[in-house]
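# Structure at a glance
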Amino acid sequence: MMGAVSVPVERIEDRGKRSCAHRGGERIGKVWRRGVLAPALLSPAAPGKRHAAALLVANARTQQALPAVTRDVPVVRLVENGVDLSRFSARQQTKVDRERVRFAFVGRLVDWKGIDLLLEALAKTTSAPVIELEVFRAGPEHASLNAQAERLGLSDRVTFHGFVPQEQTAQRLAQLDGLVLPSLYECGGAVVLEAMASALPVIATRWGGPADYLDDSCGILIDPSSREHVVDSLARAMSALAVDPFLRERMGAAGRLKVEREYDWVSKLDQILSIYASVQSSSLRARAGGRNDPKKRASAGGSLAAVG
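Residues numbered from 1 in each chain as written. Predicted model: local features only at pLDDT ≥ 70, side-chain atom pairs only at ≥ 80, totals over all residues. Heavy atoms only, no water.

## Some thoughts on the pairing of strand S11 (residues 219-222)
- Where strand S10 (residues 202-205) meets S11, four bridges bridge the pair, whose relative direction is parallel. Of the residues in S11, the one forming a bridge with Thr205 is Ile222.
- Between S10 and its parallel partner S11, the chain crosses via helix H7 (residues 208-213), and the hand of that crossover is right-handed. (Pairing = 2+ DSSP bridges. Helix = DSSP H or I, 4+ residues; strand = E, 2+ residues; numbered from the N terminus. Right-handed = clockwise from strand over helix to strand, strands pointing away.)

Following this line, the structure appears as C-alpha cells:
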C-alpha cells in the first residue's frame, strides 16, 4: 500500500447521483418512483470544480450532470461505496432446501424503501417452493408493515428481526438464498454489495447505487415504472430464483467475484491513494512549468474535487 499523500479536497454534494435530485415522475403509493435528473450540479460550487486538478465522480450520471465550465477538467470515475470482505464472506454450499427459499431485506423501514411493494409481491408467489422473507432493521413503518403482512396472510412467511448488528446480519445473510431491495430511491445501497460479497443473487430496482453495482450476471434489475409493474416483476424475479438453485448459485458466485474485483475496501484505498498521488504529481509539474506565467500558476492548484 502506498504512503499517505497530502492533497486538499473540496467535497461537493452529489446532486447528479442522489435520486433525491430527481424531479417529476409517477407517484406509487406515498413516494414518487420515476423522474428525470436535475439538469446540473450545484452551480455555486462550479468555481471549485473549474479550478480543480481533477474531478472525482461516483458514476456516469454525475459526470453527465457536471456544469459545462468543467469540460476541460480531467474526470475520474470511482464508486464511493465498498465492502469489507473479511466480514461478509461467501455463503457455504449446503443441501438445497426444496421446500422453502428465504430472501432478505436489509434497511430502514421507511416508505421509500418499498417494503410494502415487496410484501404484495411475496403474496403473489404461491407456487412451490414456499418463499419466505426475513426483514432486518427497524423504522417508523414497522407497525404498518407488520399489519400489512397479517392482512396478506404472510405472518408465517415474513420475519421482522428488528435491529441486528452488522456482524450478526452478515452471518445470517450467509445462510439465506437472496436479497431483495425494492427501494424507490436509493443513493448508495451498500447492502447490495454486502449481499454480493455473501454470494447472494440480488433483486433490486434500477435506481441509484444498485443500478451501478448489478448486471445480468449477478442480479435482476426492475424498472420502477409503475406500482403494478414493480410488484409483478418482484414476484416473477423471486419465483425465478426460487425454483432454480443452480441459477442462484451461479449469480451469487458472479456477484462475489465482482465485489472482489471492484469493491474491496483494501484495493479501493490503494486506488484512491494512487489518484491523489497522480493529482499531486500533475500539480507539481504544472506549477514548475508555470513559474513565470501567473495564469498557469493560478490554475495549478492541485485540488481534487469529489463530486459524489
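## With respect to the sheet that holds strand S6 (residues 100-106)
- Taken in spatial order, the six strands of this open sheet run S8-S7-S6-S9-S10-S11, and their pairing is parallel. Here the strands that pair on one side only, and so sit at the sheet edges, are strand S8 (158-162) and S11. The mean inter-strand angle of the sheet, taken between neighbouring strand axes irrespective of direction, is 20 degrees.
- Here strand S9 (residues 178-181) runs beside S10; their pairing, made up of three bridges, is parallel. (Axes fitted to C-alpha atoms, helices over the stretch in contact; angles between N-to-C directions.)

## Side note on the pattern of salt bridges
- Within this structure, the stated rule accounts for 11 salt bridges.
- Put simply, Asp232 and Lys124 hold a salt bridge, and the shortest N to O gap is 3.5 Å. Within this pair, whereas Asp232 is found in helix H8 (residues 227-242), its partner Lys124 is found in helix H3 (residues 115-124), the two being separated by 108 residues in sequence.
- In the salt-bridge network here, residues are joined through shared partners; they are Asp116, Glu120 and Arg227. (Salt bridge = Lys/Arg side-chain N within 4 Å of Asp/Glu carboxyl O.)

## Some words on the pairing of strand S7 (residues 130-136)
- When you tally the buried positions in S7, you get six out of seven residues, the bulk of the element.
- Alignment of S6 against S7, held across seven bridges, turns out to be parallel. Across the sheet, the residue bridging to Ala104 is Glu134, located in S7.
- The β-α-β motif built from S6, the intervening H3 and the parallel element S7 has right-handed crossover chirality.
- Inspection of the sheet shows S7 paired to S8 by four bridges, in the parallel sense. Across the sheet, Val135 pairs through a bridge with Phe160, a residue of S8.
- Handedness of the crossover is the feature at issue here: the chain leaves S7, passes through helix H4 (residues 142-151), returns alongside S8, and the resulting connection is right-handed. (Buried < 20%, exposed > 50% of the residue type's maximum accessible area, 1.4 Å probe, protein only.)

## Some words on the packing of helix H6 (residues 190-197) against helix H9 (residues 245-262)
- For the pair H6 and H9, the least separation of the axes is 7 Å and the interaxial angle reads 115 degrees. As summarised for this structure, H6 and H9 are arranged roughly perpendicular, according to the angle between their axes. Crossing of H6 over H9 shows left-handed handedness. Seen from H6, the contacting residues are Leu193, Met196 and Ala197; seen from H9, they are Gly252, Gly255, Arg256, Lys258 and Val259. (Parallel < 35°, antiparallel > 145°, perpendicular 65-115°, else oblique. Left-handed = near helix turned anticlockwise from the far one by under 90°. Contact = heavy atoms within 4.5 Å.)

## Looking at the confidence of the model for the protein chain
- Across the protein chain, pLDDT averages 80, with 74% of residues at or above 70.
- When the criterion is pLDDT under 50, residues 1-45 qualifies, and its contacts beyond four places in sequence or with other chains add up to 127 contacts.
- In this model residues 296-300 is a low-confidence stretch, pLDDT under 50, and it forms nine contacts with partners more than four residues away in sequence or in other chains. (pLDDT = per-residue confidence, 0-100.)

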